[in-house]
There are 4 protein chains.
Amino acid sequence: MNGEGLYLLEPAGKTFKLQFKVLKVYAVEKTPHQEMMLVELEGFGKALVIDNFIQSTEADEAFYHESLVHPAMALHPDPVRVLIIGGGEGATLREVLKHGTVREAVMVDIDPVVVEFSKKYLEYMHQGSFNDPRSRVLIMDGLRYVKEAPSDYFDVAIMDLTDPYAGDVAKPLYSEEFYRDVKRVLKRDGVMVTQAGSSYFYTSEYDYVLGNIGRVYRYTAEYNIWIPSFGLNVNFIVASDTYDPYSLTARDFDERLATRGVKTRFINGERYRGLLAIGALRPLH
Amino acid sequence: MNGEGLYLLEPAGKTFKLQFKVLKVYAVEKTPHQEMMLVELEGFGKALVIDNFIQSTEADEAFYHESLVHPAMALHPDPVRVLIIGGGEGATLREVLKHGTVREAVMVDIDPVVVEFSKKYLEYMHQGSFNDPRSRVLIMDGLRYVKEAPSDYFDVAIMDLTDPYAGDVAKPLYSEEFYRDVKRVLKRDGVMVTQAGSSYFYTSEYDYVLGNIGRVYRYTAEYNIWIPSFGLNVNFIVASDTYDPYSLTARDFDERLATRGVKTRFINGERYRGLLAIGALRPLH
Amino acid sequence: MNGEGLYLLEPAGKTFKLQFKVLKVYAVEKTPHQEMMLVELEGFGKALVIDNFIQSTEADEAFYHESLVHPAMALHPDPVRVLIIGGGEGATLREVLKHGTVREAVMVDIDPVVVEFSKKYLEYMHQGSFNDPRSRVLIMDGLRYVKEAPSDYFDVAIMDLTDPYAGDVAKPLYSEEFYRDVKRVLKRDGVMVTQAGSSYFYTSEYDYVLGNIGRVYRYTAEYNIWIPSFGLNVNFIVASDTYDPYSLTARDFDERLATRGVKTRFINGERYRGLLAIGALRPLH
Amino acid sequence: MNGEGLYLLEPAGKTFKLQFKVLKVYAVEKTPHQEMMLVELEGFGKALVIDNFIQSTEADEAFYHESLVHPAMALHPDPVRVLIIGGGEGATLREVLKHGTVREAVMVDIDPVVVEFSKKYLEYMHQGSFNDPRSRVLIMDGLRYVKEAPSDYFDVAIMDLTDPYAGDVAKPLYSEEFYRDVKRVLKRDGVMVTQAGSSYFYTSEYDYVLGNIGRVYRYTAEYNIWIPSFGLNVNFIVASDTYDPYSLTARDFDERLATRGVKTRFINGERYRGLLAIGALRPLH
């Protein structure tokens, strides 16, 4: 019968919820930081759920991870050392390692259990990237890492963190201070990108992020992409002092990815330009 | 208390649902064709709901109606006579009438009750467009209208119809035969556009529409836009034998709208180009 | 399609909810005290909903109102003056007035809007009882009424109030002090009854009520009855200093109702005895 | 956050649903006959869910199993051989074995996986009763068993089967032919009992069962009890050619249970009489 059985109720935006049919529950684990579930959702395949928010599903995670990683990576002419903060599932790492230029990818995640959970259950996400000799996974607070790590080291920094509207725990991860710390560990021509929540549903939180990045970098660009299983569009902000995202042509984007051996399922140069052209979606007045 | 009271459960995609908090129910009416409700949804304001599908909400209807109307209207250098099939709320008509070139806008809707309902309750949608001297509203089956109306009459035809995946009633409204009939009532350099459901969730239904239009017109372009209260992206297809959508520059788009006195809240030339660049989103493989 | 459209989500017990299909919304009104809705629920007909709790539905309200009124009324050999506190829908009043012995029924409800709402929309509930010459409706706080009304006046007092677990507003309405005040306005052989929430789901709140009544009256009896649209059993406590509920036989119960011209749909003497025999349902250990 | 995470949506009655918060999913198994889940429900503890219907929860299963088993067992003066059809969880068997008179309890369940599932996960239900030397568990169709088993063998037959409104699979299990077969395997003074669904929500299905039993036995008695996690009252029908359920006094009931060493949490002689007095609850007219 329709409308019966096990369901996942997930908040979308501030005021409504998504109701997914749960076909199977593979694993549930609690950590001091969060509660994780791996479930099978009708229409989306395997889904990682943390604190009742879907993080990613088999069917559509590439929209998210490709949009997060490749614009920043393509913007840099030669990304050799890459820092990932968050991203415990390993899919961001997976996309980074596709770039043949990369010789070192440091992933810093606060929660050891998420990483263990991923290694154990989310092969379809990390696809072995944790075992790539270029990968180094550190279990520590990203806030502390960017205070303590050496300066002028990374080419690209990718923030794959809890949403900026997720409360007190999120705020420092999107603060001006944090962005200054990230900048310090980047080389002078470094590029950073962060997912930035929802400019439509959480406008003031988004503007807080945008403002902070804007005060730290010369060039910033906004874009957003619909993630079907989120029921909403996710925003991203990419920034650099040296490279202007709007100067990267569709052709350059495609050539850089091709040269580095990167194969994608969604993003390409033309779509990169399309995303920048659309920018952020805000409430209409 | 959270999670209690009146809710609207609406299907999104094939496999999940959206759950909205209903703050108020203004009106409910049944017709032989459909059931209409006007409700107040938390976070979205007034919402028109037909057969349990949200048609439009105060907060975000402009994303939909601007994306449906202005690309086709801008693509035509001088749209004087415009045909709208469906669109009973009057918001598509409202956007069409913004173009100062328009001297006649014919709206054909099958359901008299929807139009009466709109006149009575949806002032925020039609904003008086039903009373514009340039408007003519016909209550009849759009399928019949395009068979019986004179040839070579309209400059632009806009299809604002039930979703292509809405079952048997929808199929003829997206058939090759229908598109040939629409073409007959258009002038030789006419432009048509239709909303086309969801290329992500209803791929085969979408491809049926795309294929049918592709067989009838020389130029077609696909685009899609996220509608927050739908929880998903809606697809559109614009087509013409004379004007190539990809040849219309952002600057031309903006100039045409400016010249005709059109003010918008979401769409502009750059976003038009961005939407075309992204095209349709399909399941990833 | 199943599982779509307008729904009422109502808490049942502390930990789960009932989801009803709403077929129609007749009226919604807010007062300083509460929010009222009259809706049509699939399977239950018209339903009055206050603060998202179903108060009564057309289909099953008689289970509640007959169980509340007739045990106390039957226990008294000659109920002439009856006090109702709460009961704004008028259905408790309707049941009281069925007893031919009654010459005066005073109903005290705090919320004028509820009573107006009932008169306007709930004819099926009050069935004209507000217009019975024996009825007197006072809009005032029941707590104050029983402090200020004359002593030794009523034969039966019926409390049809918000649930004892409804928070701070409820507590005084189930306090020992309140029961002493009620007793003062009753004659020496008076009988009182109150609905008492849920002994299964809100055991400590129920025990608070039971203890308070037990300290004020010599005889008390507990009973409960399933109300289908509540998804749970509602408890009642009847008390008196003179009449022992367990001494009233099924035959006496039936005879008293017959003599007074009372016709019922659910309660009768045998079921009265059955309800007392089952008593209150508590969590099992 | 409230209203988020994993939920179980379960139908209650024909027209509404219960929504439980799922705290944990212990196991999910599919068989050719049905799909089983063991989950932890907020407020109810462990719950066995078959085909999305809650079968029993830790917190309230005793209401059901005591009400099913002990009235029939107490009605028989010396139940030595007992037949259970269905009851795969082992809790009905557990209650039967409490009666010291019992020397053989045959449980016939069609689905081997349910029984294995119970042995593996539902220790709190069967409490070792599968290992009692008096127990014999047969995996076969109950319909066939009562056709093939020897005549005049059992003292009591207890039917713990899928609901009579569960569709085509249920109908033969509540047919007159089945009751005649059951009667054949009972001794002449045998007693049978069956759960009988919901006389309130599924009246015609209930009347079908009641009519069939009434044509086969001289004495029948109806009763029903609220099961909190079902959100509704479950009906039972007990029948015999020799023993009239209404002749068994509360005292006899208590004495027989005491003599046989049976300890209960809900049922006792007085409540047995109360249940019979209330009988079946039907829609009110």
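Model, not experiment: these values are computed from the prediction.

Thresholds, definitions, all that
- Residues numbered from 1 in each chain as written.
- Chains lettered and ligands numbered in written order.
- Predicted model: local features only at pLDDT ≥ 70, side-chain atom pairs only at ≥ 80, totals over all residues.
- Helix = DSSP H or I, 4+ residues; strand = E, 2+ residues; numbered from the N terminus.
- Rg over C-alpha atoms; globule rule 2.2 N^0.38 Å.
- Contact = placed C-beta atoms within 7 Å.
- Nonpolar A, V, L, I, M, F, W, Y, C, P; charged D, E, K, R; others polar.
- Pairing = 2+ DSSP bridges.
- Expected span 1.5 Å × (residues − 1).
- Buried ≥ 20, exposed ≤ 12 C-beta atoms within 10 Å, placed from the backbone.
- Arc of directions from axis to C-beta.
- Axes fitted to C-alpha atoms, helices over the stretch in contact; angles between N-to-C directions.
- Least-squares fit on C-alpha atoms with pLDDT ≥ 70 in both.
- UniProt positions renumbered as here; feature names shortened; annotations may be inferred.
- Parallel < 35°, antiparallel > 145°, perpendicular 65-115°, else oblique.
- Left-handed = near helix turned anticlockwise from the far one by under 90°.
- pLDDT = per-residue confidence, 0-100.
- Domains from an automatic or database assignment.
- Right-handed = clockwise from strand over helix to strand, strands pointing away.

## Side note on the overall build of chain A
- Each helix and strand in chain A was counted, giving 9 helices and 12 strands.
- Taking 285 residues into account, the globule formula puts the C-alpha radius of gyration at 19 Å, and chain A, at 18 Å, falls close to it.
- Over its C-alpha atoms, taken along the principal directions, chain A stretches across nearly 60 × 50 × 35 Å.

## Section: the interface of chain A and chain D
- Contacts between chain A and chain D engage 16 residues on the former and 16 residues on the latter.
- Only β1 (5-12) and β2 (16-30) of chain A provide two or more residues apiece to the side of chain A that touches chain D.
- Here the side of chain A that touches chain D gets 7 residues from one element, more than from any other, and that element is β1 of chain A.
- Classifying every residue of the side of chain A that touches chain D gives 9 nonpolar, 3 polar and 4 charged.
- Note: β1 of chain A against strand β1 (residues 5-12) of chain D, 5 bridges, orientation antiparallel. Paired with glycine 5 of chain A across the bridge in β1 of chain D is leucine 9 of chain D.

## Section: helix α7 (residues 203-216) of chain C
Residues and elements named next belong to chain C.
- The terminal C-alpha atoms of α7 lie 20 Å apart, and with 14 residues this matches the ideal 20 Å at 1.5 Å per residue to within 8%.
- For α7, every residue scored as buried is listed here: Glu205, Tyr206, Val209, Leu210, Asn212 and Ile213. Each buried residue of α7 lies within a common arc of 160 degrees when the element is viewed along its axis, so the set occupies one face. Across from the buried face of α7, at angles greater than 90 degrees, the exposed residues are Ser204, Gly211 and Arg215.
- Residues of α7 that are buried in the fold lie against α6 (176-185), β10 (186-195), β11 (219-227) and β12 (232-240).

## As for the sheet that holds strand β8 (residues 135-139) of chain A
Residues and elements named next belong to chain A.
- Strand order in the open sheet formed by 7 strands is β8-β7-β6-β9-β10-β12-β11, with mixed pairing between adjacent strands. The open sheet is flanked by β8 and β11 (219-227), the only strands paired with a single partner. Averaged over all adjacent pairs, the angle separating strand axes in this sheet is 15 degrees, with direction ignored.
- Pairing of strand β6 (residues 81-86) with strand β7 (residues 104-109) involves 5 bridges; the strand directions are parallel. Each residue of the ladder has a partner; that of arginine 81, found in β7, is glutamate 104.
- Relative to strand β10 (residues 186-195), helix α6 (residues 176-185) is tilted by about 135 degrees, and along the sheet it contacts β6, β9 (154-160) and β10.

## Let's talk about the interface of chain A and chain B
- Taken together, the contact between chain A and chain B spans 33 residues of the former and 33 residues of the latter.
- Taken together, the elements giving at least two residues each to the side of chain A that touches chain B come down to β2, β12 (232-240) and α9 (269-278) of chain A.
- Top element by residues in the side of chain A that touches chain B is α9 of chain A. It accounts for 7 residues.
- Among the residues forming the side of chain A that touches chain B, the class breakdown is 17 nonpolar, 7 polar and 9 charged.
- Relative to strand β2 (residues 16-30) of chain B, β2 of chain A runs antiparallel, the two sharing 5 bridges.

## Observations regarding the relation of the copies chain A and chain B
- Mapping chain A onto chain B leaves a residual RMSD of 0.0 Å; the transformation is a rotation of 180 degrees accompanied by 0.0 Å of translation along its axis. Accordingly, the operation relating the two chain copies is best matched by a two-fold axis. Closest to the rotation axis within chain A is the C-alpha of glycine 274 of chain A, separated from it by 1.8 Å.
- Of all interface residues in chain A, 100% are interface residues in chain B too; the two copies therefore contact each other through one and the same surface.

## Description of the relation of the copies chain A and chain D
- Between the two copies, chain A and chain D, the superposition gives an RMSD of 0.0 Å; the rotation angle is 180 degrees and the shift along the axis is 0.1 Å.
- A share of 100% of the interface residues of chain A reappears at the interface of chain D, consistent with the copies meeting face to face through the same patch.

## Digging into the UniProt feature "domain: PABS" (unreviewed entry) in chain A
- Mapped onto this numbering, the UniProt entry annotates "domain: PABS" (unreviewed entry) at residues 5-241 of chain A.
- Between the first and last C-alpha atoms of residues 5-241 of chain A the distance is 52 Å; the span itself is 28% helix and 39% strand.

## A look at the UniProt feature "active site" (unreviewed entry) in chain A
- Under the feature "active site" (unreviewed entry), the UniProt entry names Asp160 of chain A.
- When residues no more than four places from it in sequence are discounted, the contact partners of aspartate 160 of chain A are Leu68, Ile84, Gly86, Gly87, Thr92 and Gln195 of chain A.

## Side note on the packing of helix α8 (residues 250-259) of chain C against helix α9 (residues 269-278) of chain C
Residue and element names in this part refer to chain C.
- In contact at an axis separation of 7 Å, α8 and α9 are set at 130 degrees when each is read in the N-to-C sense. What the angle tells us is that α8 and α9 run oblique. Judged by the twist between their axes, the crossing of α8 over α9 is right-handed. Packed against α8, whose contacting residues are Ala250, Arg251, Phe253 and Asp254, the element α9 presents Gly269, Glu270, Tyr272 and Arg273 at the interface.
- Looking at the contact of α8 with α9 residue by residue, the classes come out as 3 nonpolar, 1 polar and 4 charged.

## So, the sheet that holds strand β9 (residues 154-160) of chain D
Residues and elements named next belong to chain D.
- On the basis of which strands lie adjacent, the open sheet formed by 7 strands has the order β8-β7-β6-β9-β10-β12-β11 and mixed pairing. Each edge of the open sheet is held by one strand with a lone partner, namely β8 (135-139) and β11 (219-227). Averaged over all pairs of adjacent strands, the angle between their axes in this sheet comes to 15 degrees, without regard to strand direction.

## Description of unusual backbone geometry
All names here are of chain D.
- Even without glycine at this site, aspartate 51 takes up a positive phi of about 50 degrees.
- Along the polypeptide, aspartate 51 turns up in the loop between β4 (45-50) and β5 (53-57).
- The phi angle at asparagine 52 is positive, at roughly 70 degrees, despite the residue not being glycine.
- As for its placement among the helices and strands, asparagine 52 is situated in the loop between β4 and β5.

## A short note on the confidence of the model for chain A
- Per-residue confidence for chain A gives a mean pLDDT of 94, with 99% of residues at or over 70.
- Interface predicted TM-score (ipTM) for the complex: 0.94; the corresponding pTM is 0.90.

## Describing the pairing of strand β1 (residues 5-12) of chain B
- Most of β1 of chain B sits inside the fold, with 7 of its 8 residues counted as buried.
- Connecting β1 of chain B to the next strand, β2 of chain B, in antiparallel fashion are 3 residues, including glycine 13 of chain B with a positive phi near 65 degrees.

## Remarks on the domain arrangement of chain A
Residues and elements named next belong to chain A.
- Annotation of chain A at the domain level lists domain 1 (7-57) and domain 2 (61-278).
- Look at where the C-alpha atoms of domain 1 and domain 2 centre, and you get two points 23 Å apart.
- With 20 residues of domain 1 in contact, the opposing surface of domain 2 contributes 19 residues.
- Counting residues per element, the ones that place at least two in the side of domain 1 that touches domain 2 are β2, β3 (35-41), β4 (45-50) and β5 (53-57).

## Describing helix α9 (residues 269-278) of chain B
- Of all 10 residues that make up α9 of chain B, 8 are buried, and the element is covered over most of its length.
- Turning to α9 of chain B, its buried residues are Gly269, Arg271, Tyr272, Arg273, Gly274, Leu275, Ala277 and Ile278 of chain B.
- Summarising the contacts, the buried residues of α9 of chain B are in contact with α9 of chain A together with α1 (61-75), β11 (219-227) and α8 (250-259) of chain B.
- Among the residues trailing α9 of chain B, glycine 279 of chain B stands out with phi positive, at a value near 70 degrees.

## Structural notes on the pairing of strand β9 (residues 154-160) of chain B
All names here are of chain B.
- Within β9, 7 of the 7 residues are buried, which leaves the element mostly enclosed by the surrounding structure.
- Strand direction decides the pairing type here: strand β6 (residues 81-86) and β9, joined by 5 bridges, are parallel. Within the sheet, the bridge partner assigned to isoleucine 84 lies in β9 and is isoleucine 158.
- Direction of pairing for β9 relative to strand β10 (residues 186-195): parallel, over a ladder of 5 bridges. Pairing of isoleucine 158 across the sheet is with valine 193, part of β10.
- On the question of chirality, the crossover connecting β9 to the parallel β10 by way of helix α6 (residues 176-185) is right-handed.

## Things to note about the environment of serine 129 of chain D
Residue and element names in this part refer to chain D.
- In this fold, serine 129 is placed in the loop between α4 (123-126) and β8.
- Sequence separation of serine 129 and aspartate 189 is 60 residues, and the distance between their C-alpha atoms is 26 Å.
- The contacts of serine 129, once residues within four sequence positions are left out, are Gly90, Leu93, Arg94, Leu97 and Ser135.

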